[in-house]
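Structural overview
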Amino acid sequence: MSRSVIIDGSVIYTNYSQIMGQKKFESLLLEFIEILKERRSPLLNALNAFKLDGDYDLRRFVEYLHLLTMRNVKELTNIIYYVNPRDLERFVEAFYSFWRSKHRFMVRHENYSDDHIRRASIEYTITQISDQFKAVIKNLYRELMMNISNSFPTVMRQLPSGAQVAFLVEDIDGEKFERLPWIRKIPTVWGAVFDPPVIFYTKSNKRKGVVPVVEEPVLDKIELNPKEWFRFPIFVGDLLFYNLVHVDYLAHGAGLANLFELATPKDLRRREPDGMLIFGLEPSRIPNFNERWKNGVIFKEGKMYVGIIPAIDENDYFGYMKKTTLTIHNLIRIDQGRLPIHGSMARIILKDGKMAVAMFVGDSGAGKSETLDALSRLEEVAQVDTIIDDMGSLAIMDGHVVAYGTETGAFVRLDDLPPGYAYSTMDRSIFMNPDQINARVIVPFNNYNEIITPTHIDFFFYANNYTEVSRDEDRIVFFDNVDEALRVFSEGKRMSKGTTSESGLVTSYFANPFGAVQRQKEHHKLAEYYLKKMFETGVKVGEIRTMLGVEGYEKEGTALAAKALLKIIEEL
């Protein structure tokens, strides 16, 4: 059975029969029992009274549980005498925990409405249904435990046990992209309701490798079953993407909704997609699949790029969803003559009224986001508006370099955040593997209009996390010419922080293995052109030493770099 459980959002849940009468409940129970059999768990002792021909009579057991919601276990001895209440209590408790370990999604089919009042009504309805479902599940558990143990707890715990995310979906009619008839049958997500804290545990928590690009068509060789897939139409910057997600990986689809702007069915009817990503396709169904593609592959057919992430356990990490999406974005931008940037950018406003926009270029773990967070905590700083958290692009407008963002949220490494920061965002975040190394949180931080508005930049920094410096004046250095800047940015050195499979001091062309490496020749020409334009127009190009990869300076280094940048802004 899938670790993702889909809950019918068209039902108004008011009684236990709607839960226990479903085949899905029996299937879940059977899966749990099979796991206990493999482990030879003593929890199975609770079912000894329900053995039939060497196996367990699940239907009879479910009926017994149903009776237990109405009567005390002692009152049922005339039906089943040999049930040990203590064993049964342990079993029900463990089964409840098993249910809560699943990724739980509610899905409701509703047509999108242009009327915002109507949309608000639809979202209110699914929120109410989700809350009712959660209440029924919790009360079912409590009723069973009370009637088994013949007691009631003095301390009540409102454990998250309903749908973690509720999706509003529509089957699109009349969409602009007519090439693939089967795609119109796939439920299209146009709205989502989160019930925080949303915590997902995945089979992997690291990303590795560079996604290869293959110049050949693939879409005509693939057809997806609409009963197993969901379509998440998203805006990556101003580009429209179709991200198709298998139900087993729906947690990563939920992550998309928290990281990017969801497109609407109205958007799909008026324009075709710029890119596409299929996440969770069996390797055997990928044409000409080979080992080089096991962590993902991007096909180019005509002007469109189509990424595919195979259904392999090591790919069960949101980093593959995000980075492959952004790689496709970057490839498109290079084709358009725009320079993709792997980095972050923010508008920094001081209390004395001075303001500057700084862009930081660097690969994962370079200290980009951490430096901005440290800036926001300085007493002299009034506000830090993050416009780009991970990926953006540069263009020329009126003879000046401007930047555009891609995401409305951030996929942040918990280990590098200040203590308590993640908890302050718990009410709107998705946590991924919070108890592991490279634990991550997906948190929204900006509105869509802000990231697609062209922004002039004042500083263009390479984020150096490996050089140890002791003098304040060495924390930020500026380049004297384009060649020097191009050399440092192109080398892309950083000390690995364990966010990928790499370790030690590593290099990545322009700190950007997401499109820049695959199109290095074209990218290099663009990089030289944009750096020249920066020097011509007064953008200060340099290097900021965050020391995030220097032992002993993981926290202090970014704070010192932030203070150095503050001083430079004050001197403007």
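First, a word on what this report is: a plain description of the structure on this page. (Residues numbered from 1 in each chain as written. Predicted model: local features only at pLDDT ≥ 70, side-chain atom pairs only at ≥ 80, totals over all residues. Heavy atoms only, no water.)

1. A closer look at the sheet that holds strand 21 (residues 430-432)
- Taken together, the 4 strands give an open sheet; going across it, the order is 7-21-22-20, and neighbouring strands pair in mixed fashion. With one partner strand each, in any of the chains shown, strand 7 (198-200) and strand 20 (409-413) form the two edges of the open sheet. In this sheet, neighbouring strand axes are inclined to one another by 20° on average, regardless of whether the strands run parallel or antiparallel.
- Sheet topology places strand 7 next to strand 21; 3 bridges connect them, and they run parallel. Paired with F200 across the strands is M432, a residue of strand 21. (Pairing = 2+ DSSP bridges. Helix = DSSP H or I, 4+ residues; strand = E, 2+ residues; numbered from the N terminus. Axes fitted to C-alpha atoms, helices over the stretch in contact; angles between N-to-C directions.)

2. A short note on the nonpolar core
- Residues L68, L88, F91 and M106 are the most contacted members of the largest nonpolar core, which totals 51 residues.
- If you list the elements that add at least two residues to this core, you get strand 1 (4-8), helix 1 (17-20), helix 2 (23-39), helix 3 (58-68), helix 4 (85-101), helix 5 (116-149) and strand 5 (165-170).
- Here the element with the most residues in this core is helix 5; it accounts for 11 residues.
- Ignoring anything within four residues of it in the chain, the contact list for F91 reads L29, F32, I33, L36, L43, A46, L47 and F61.
- If you look at the next biggest cluster of nonpolar residues, it comprises 46 residues, including L250, A254, L256 and F260. (Core = buried A, V, L, I, M, F, W, Y, C linked by side-chain atoms within 4.5 Å. Buried < 20%, exposed > 50% of the residue type's maximum accessible area, 1.4 Å probe, protein only. Contact = heavy atoms within 4.5 Å.)

3. Things to note about the environment of S344
- Tracing the chain through its elements places S344 in strand 15 (residues 339-350).
- With 27 residues separating them along the chain, S344 and T371 place their C-alpha atoms 10.0 Å apart.
- With residues up to four places along the chain from it excluded, the contact list for S344 reads A358, M359, F360, K368, S369, L372, I388 and D389.

4. Some thoughts on the packing of helix 2 against helix 3
- Running from N to C, helix 2 and helix 3 cross one another at 110°; their axes reach a closest spacing of 11 Å. With respect to their mutual orientation, helix 2 and helix 3 come out roughly perpendicular. Crossing of helix 2 against helix 3: the hand is right-handed. Facing F25, E26, L29, L30 and I33 of helix 2, the residues of helix 3 in contact are L58, R59, F61 and V62.
- When grouped by side-chain class, the residues that make up the contact of helix 2 with helix 3 number 7 nonpolar, no polar and 2 charged. (Parallel < 35°, antiparallel > 145°, perpendicular 65-115°, else oblique. Left-handed = near helix turned anticlockwise from the far one by under 90°. Nonpolar A, V, L, I, M, F, W, Y, C, P; charged D, E, K, R; others polar.)

5. Here's the deal with helix 14 (residues 556-570)
- Counted at 1.5 Å a residue, the expected span for helix 14 with its 15 residues is 21 Å, and the 21 Å between its end C-alpha atoms agrees.
- Of all the positions in helix 14, only G557, T558, L560, A561, A562, A564, L565, L566, I568 and I569 are classed as buried. (Expected span 1.5 Å × (residues − 1).)

6. Re the pairing of strand 24 (residues 459-464)
- Among the 6 residues that make up strand 24, 6 are buried, leaving the element largely enclosed by the rest of the structure.
- Residues of strand 24 alternate between two faces, with F459, F461 and A463 on one and F460, Y462 and N464 on the opposite face, all of them buried.
- Where strand 16 (residues 355-361) meets strand 24, 4 bridges bridge the pair, whose relative direction is parallel. What sits directly across from F360, in strand 24, is F461.
- Pairing of strand 24 with strand 28 (residues 540-545), which is carried by 6 bridges, proceeds in the parallel orientation.

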